[in-house]
Amino acid sequence: VQLVESGEGLVQPGGSLRLSCVASGFTFSWYAMSWYRQAPGKERELVAIIDNGGGSTNYTDSVKGRFTISRDNAKNTVYLQMNSLKSEDTAEYYCRVNVLGRVYWGRGTQVTVSS
């Protein structure tokens, strides 16, 4: 299993960024996918999760209405569209999947929100 995130960047408050995570090594369309983030000095937290078909999503309260998780099963890719970014969104963002009870993580991609 391999998860490769991309889309890192430095954006101003109020800006937007889209993260991508390309998956391989498992049947992507069978599994829910999630995005986590970890800010310096803080624990890693769940940001958003999407079911295997893309019909059900859930978000942590702090990003509701600003972030959108989506997936393209034909491309084995999950996305995180981030709008109205705030300084507190600054973190390393990770893609995660649980395949048959084993959790896999990507290496992460850095998002920095600063003026």
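Scroll up a little and you will see the structure.
Heads up: these notes are all about the structure in this document. One numbering rule holds for all chains: residues counted from 1, following each sequence as written. At least 70 in pLDDT is required for a residue's local features to be given in this predicted model, at least 80 for side-chain atom pairs to be given and counted, and no such filter applies to totals for whole chains, interfaces and linings, which use all residues. With hydrogens and water set aside, each side-chain value is computed from the structure's full complement of heavy atoms.

## A closer look at the packing of aromatic side chains
The line we're drawing: Only centres within 6.5 Å qualify two rings of Phe, Tyr or Trp (six-membered ring in Trp) as a pair; their planes then separate them into stacked at under 30 degrees, edge-to-face at over 60, and tilted for everything else. Here's how the labels work: a residue is buried when its accessible area is under 20% of the maximum for its type, exposed when over 50%, partly exposed in between, all with a 1.4 Å probe on protein chains only. Runs of E in the DSSP output that reach at least two residues are strands. Runs of H or I that reach at least four are helices, and both are numbered from the N terminus. Lysine NZ or arginine CZ positioned within 6 Å of the ring centre and within 35 degrees of the ring normal marks a charge as sitting over the ring.
In this structure the tally under the stated criterion is four aromatic pairs. A centroid spacing of 5.9 Å and a plane angle of 70 degrees characterise the contact between phenylalanine 26 and tyrosine 31, whose relative ring orientation is edge-to-face. By relative accessible area, which is 13% here, phenylalanine 26 ends up buried. Looking at tyrosine 31, the relative accessible area reads 14%, which means it is buried. On the basis of an interplanar angle of 90 degrees and a centroid distance of 6.3 Å, the ring pair of tyrosine 94 and tryptophan 105 is categorised as edge-to-face. Remark: tryptophan 105 occurs in strand β10 (residues 102-105) and tyrosine 94 occurs in strand β9 (residues 91-99); sequence separation between them is 11 residues. When its relative accessible area of 12% is taken as the criterion, tyrosine 94 is described as buried. If you follow arginine 44 out to its NZ or CZ, it ends over the ring of tyrosine 94, 3.7 Å from the centre. Its end group placed over the ring of phenylalanine 28, arginine 71 keeps NZ or CZ at 4.3 Å from the ring centre.

## What about the side chain of aspartate 89?
Selection rule: We define a polar contact as two N or O atoms separated by no more than 3.5 Å, with the added condition that, inside protein, one atom must be a possible hydrogen donor and the other a possible acceptor, whereas residues neighbouring each other in sequence contribute only through side-chain atom pairs. Note on contacts: a residue pair is in contact if any heavy atoms of the two residues lie within 4.5 Å.
Secondary-structure assignment places aspartate 89 in the loop between β8 (77-82) and β9. A relative accessible area of 0% places aspartate 89 in the buried class. Here arginine 37 takes part through its side chain, which lies 2.9 Å from a polar atom of the side chain of aspartate 89. The contacts of aspartate 89, once residues within four sequence positions are left out, are Arg37, Arg66, Phe67, Ser84, Val111 and Val113.

## Details of the environment of tryptophan 35
Looking at the secondary structure, you find tryptophan 35 in strand β4 (residues 33-38). Separated by 58 residues in sequence, tryptophan 35 and tyrosine 93 place their C-alpha atoms 6.8 Å apart.

## Quick notes on the pattern of salt bridges
Rules: In what follows, salt bridge is the name for a side-chain nitrogen of Lys or Arg lying within 4 Å of a carboxyl oxygen of Asp or Glu.
Scanning all chains against the criterion turns up four salt bridges. For arginine 37, the salt bridge identified is with glutamate 45, shortest N-O distance 2.7 Å. Where aspartate 61 meets lysine 64, a salt bridge forms, and the shortest distance between an N and an O atom there is 3.0 Å. On the basis of relative accessible area, aspartate 61 is assigned to the exposed category, the value being 63%. Look at the salt bridges and you will find they share partners, linking Arg37, Glu45, Arg66 and Asp89 into a network.

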